[in-house]
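Residue strings, one per chain:
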Amino acid sequence: MWFLAWREIRHSRVRFGLLATLVALVAYLVFVMTGLAVGLGEASVSGLRHLPADQLVFASNVQRSLDRSDLPGDLGTRLTAAGARTATPVGFSMANLAAGEDVVSVGLLGWPTTGSTAGGQPSTPAPGGAAGRAAPGWDGTGLLLDRSAADKGLRVGQTVRVQPGGVELTVSGFADLGTYSHTPMAYVPLTTWQQIRRTPDRVSAYLIEGHVGIEGATGKKDVAGAEGKVRGVPGAEAVDLDTAITSVPSYAAETGTVNLIRSFLYAGAALLIGTVFWILTLQKEGSLAVLRATGARRGLLLGSYLMEVLVTLGAGVAVSAGAAFASAALLPAGVFLLTVGDTLGAAALLTVLALLGSLVSMRRLLTVDPLLSLGRSV
């Protein structure tokens, strides 16, 4: 069957070349939209993914919004009593860093630098750092910025003015902190954040290691997958980190829109490839009838057809994948992220959908009438 498929591909190079080009164009759009979906999603929430927590505790009725949540700064002991191994208070707000005429928007996160939480337990480690110590490049003072902020002109040792608040801080270093709503994350000591916000003894949320008890939950729900009001802590709501990430409005809106476009592309690719191979099958129906009349088995024809489809798909997808990775250098930084795993997943799904779209042609192969070789009309 491989000999028959390869002979037909060589005989009709232009036809199969055009079909592979068509597949490559459709697959390229699929890969680009996949990269945009992942990249835009990460640009919205990668700063949250870097937080070392199993759960986040927000204030109730703020729709799990980190920048709108407000909690007392002394809930740590009550949260550990509710089941948390550690409860690290953090503050968060959006801010601008003014450096001369340049202004850089950041997600400002206040991180406790005392090395302990309420109850005297070790602090949850800052991203990249060990328990009780700040992240590498940060001495616990000034600003620690995500590396993407360096592309906006900020440098170590530079003094910036935080707005709102008007507090002047020095850039202490850069680390992989991620971004939030497409803005770089910036870490400051929690006391400095409270000074900037003019909210002493208030925090935005608590990072929970372990799981706190939830009101109304019983058994295993207390330790895995539970979300809701924290038992024994009025006005506090706990959710797991993944839920907190998907609750970010920009993340849901951007990834939802791009994934909808991807769905239409997948459906269009299946329909388009299936239609083209259906037409090709009709065009060579006479040749297939001759093969059937000379004793060719249906399995031989079906196997040859599947190989033609897979070779065409493989060639088109390989070219489009290379073009998609090359396009990453031309697209704006922070909005496109295409990994090998995402590429293989998209390619596999595209191949499966294309084969499903070709089922009609397969049925035609199995039912071709050998008498057509004698000129009999259908």
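Cut-offs applied
- Residues numbered from 1 in each chain as written.
- Predicted model: local features only at pLDDT ≥ 70, side-chain atom pairs only at ≥ 80, totals over all residues.
- Heavy atoms only, no water.
- pLDDT = per-residue confidence, 0-100.
- Contact = heavy atoms within 4.5 Å.
- 1 Å grid on protein atoms, 1.4 Å probe; cavity = no way out; pocket = protein on both sides within 12 Å on 5 of 7 lines; lining within 4 Å.
- Points joined across faces, edges and corners; volume = space filled by probe spheres on them.
- Nonpolar A, V, L, I, M, F, W, Y, C, P; charged D, E, K, R; others polar.
- Phe/Tyr/Trp six-rings, centres within 6.5 Å; stacked < 30°, edge-to-face > 60°.
- Helix = DSSP H or I, 4+ residues; strand = E, 2+ residues; numbered from the N terminus.
- Salt bridge = Lys/Arg side-chain N within 4 Å of Asp/Glu carboxyl O.
- Buried < 20%, exposed > 50% of the residue type's maximum accessible area, 1.4 Å probe, protein only.
- Pairing = 2+ DSSP bridges.

### Quick look at the confidence of the model for the chain
Thought 1: Considering every residue of the chain, the mean pLDDT works out to 77; 76% of them sit at 70 or more.
Thought 2: Predicted confidence for residues 115–125 stays below pLDDT 50, and this span has 29 contacts to residues more than four positions away or in other chains.

### Side note on empty space enclosed by the protein
Thought 1: Going through the model one piece at a time under the given rule, you end up with two cavities of 30 Å³ or more.
Thought 2: In this structure, the largest cavity spans a volume of roughly 50 Å³.
Thought 3: Together, Leu48, Leu56, Phe58, Arg64, Ser65, Leu66, Tyr180, Ala244 and Val248 line the largest cavity.
Thought 4: Here the lining of the largest cavity is built from residues that sort into seven nonpolar, one polar and one charged.

### Structural notes on unusual backbone geometry
Thought 1: Going from glutamine 163 to proline 164, the amide bond is cis rather than trans, its omega being 0°.
Thought 2: Phi angles above zero are rare outside glycine, and histidine 182 is one such case at about 70°.

### Considerations on the packing of aromatic side chains
Here a ring pair, both rings aromatic, is described through the centre-centre distance and the interplanar angle of the planes.
Thought 1: On inspection of all chains with the given rule, the structure shows two aromatic pairs.
Thought 2: Each ring, one from phenylalanine 92 and one from tyrosine 180, has its centre 4.8 Å from the other, and the planes form 65°; the classification is edge-to-face. In this pair, phenylalanine 92 is assigned in strand β3 (residues 84–99) and tyrosine 180 in strand β8 (residues 179–180), connecting sequence segments 88 residues apart.
Thought 3: Between tryptophan 111 and tyrosine 187 the ring centres are 5.8 Å apart and the planes differ by 35°, which places this aromatic pair in the tilted class. Highlighted residues: tryptophan 111 in strand β4 (residues 102–111) and tyrosine 187 in strand β9 (residues 183–189), separated in sequence by 76 residues.

### Quick notes on the pattern of salt bridges
Oppositely charged side chains may form a pair once their charged atoms are brought near each other.
Thought 1: If you walk through the whole model with that rule in mind, you get seven salt bridges.
Thought 2: The closest approach of N and O atoms between arginine 85 and aspartate 54, which form a salt bridge, is 3.9 Å. Of this pair, arginine 85 sits in strand β3 while aspartate 54 is found in the loop between α2 (13–49) and β1 (55–59), placing the two residues 31 residues apart along the sequence.
Thought 3: Residue class for aspartate 54 comes out partly exposed when judged on its relative accessible area of 32%.
Thought 4: Glutamate 168 is paired through a salt bridge with arginine 161; the nearest N and O atoms lie 2.8 Å apart.

### Examining the pairing of β4
Thought 1: Of all ten residues in β4, seven are buried; the element is thus mostly enclosed.
Thought 2: Inspection of the sheet shows β3 paired to β4 by nine bridges, in the antiparallel sense. Note that in β4 the partner of alanine 98 across the bridge is valine 103.
Thought 3: Adjacent in sequence and paired antiparallel, β3 and β4 are bridged by two residues, among which glycine 100 carries a positive phi angle near 70°.
Thought 4: Sheet analysis places β4 next to β9, joined by five bridges and oriented parallel. Residue pairing for β9: leucine 108 is matched across the bridge by alanine 186.

### Some words on the pairing of strand β11 (residues 205–210)
Thought 1: Most of β11 sits inside the fold, with five of its six residues counted as buried.
Thought 2: Pairing analysis gives three bridges linking β1 to β11, with the strands arranged antiparallel. Bridging from a neighbouring strand, valine 57 pairs with tyrosine 206 of β11.
Thought 3: In this structure, β3 lies alongside β11, joined through six bridges in antiparallel fashion.

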